[in-house]
Structure formats: C-alpha cells, structure tokens
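In case you want the letters, here they are:
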Amino acid sequence: MRDEEEIREQYEFLTEELESEDMNHEGVKQMFTYYKRALGWVLEEEHM
C-alpha cells in the first residue's frame, strides 16, 4: 500500500513533466503510463 507522501511526490513529478517544453508524442505516452500507474495505486488502496 502506498502512503500519501509517495502519491504526492508522484503527482508533483507528473505536474513538472507535463509543464516541460520537451513534451512530445512519446513523452505524452510515457506520462499516461505514469498516470495510470498512480491511479492504480489509489484504486488499490480504496479496495483494501
């Protein structure tokens, strides 16, 4: 189970990456992968 601090760190990382000017098609695909992983953590905790 993930703690709140870990989820906040992931959120801040995603925010910084999405604001980066280096976001290209491949970068966006990678961000969605991270986003889905973070959502999975949240959903995992809700079902426990």
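Analysis parameters
Residues numbered from 1 in each chain as written. Predicted model: local features only at pLDDT ≥ 70, side-chain atom pairs only at ≥ 80, totals over all residues. Heavy atoms only, no water. Phe/Tyr/Trp six-rings, centres within 6.5 Å; stacked < 30°, edge-to-face > 60°. Helix = DSSP H or I, 4+ residues; strand = E, 2+ residues; numbered from the N terminus. Patch = residues over 30% accessible without salt bridge, like charges linked within 9 Å, V, L, I, M, F, W, Y side chains within 5 Å. Areas by Shrake-Rupley, 256 points an atom, 1.4 Å probe, with all protein chains shown as cover. Salt bridge = Lys/Arg side-chain N within 4 Å of Asp/Glu carboxyl O. Lys, Arg positive; Asp, Glu negative; His and termini not counted. Charge placed at Lys NZ, Arg CZ, Asp CG, Glu CD. Buried < 20%, exposed > 50% of the residue type's maximum accessible area, 1.4 Å probe, protein only.

### Quick word on the packing of aromatic side chains
Inspection of every chain in the model, using the stated rule, returns one aromatic pair. Seen from their ring centres, F13 and Y34 are 5.6 Å apart, and the 65° between their planes marks the pair as edge-to-face. Residue F13 is located in helix α1 (residues 4-19), and its partner Y34 is located in helix α2 (residues 25-46); the two are separated by 21 residues in the primary sequence.

### Looking at a nonpolar patch on the surface
A cluster of nonpolar side chains, contributed by V28, F32, Y35 and L39, occupies part of the molecular surface with about 370 Å² of accessible area. With respect to the element layout, F32 can be found in helix α2.

### Re a negative patch on the surface
Among the surface-exposed residues, D3, E5, E6, E9, E12, E16 and E19 lie close enough to one another that they form a single negatively charged patch. Here E16 lies in helix α1. A relative accessible area of 54% means that E16 is categorised as exposed.

### Comments concerning the environment of Y11
With respect to the secondary-structure elements, Y11 resides in helix α1. Accessibility expressed as a relative area gives 59% for Y11, which makes it exposed.

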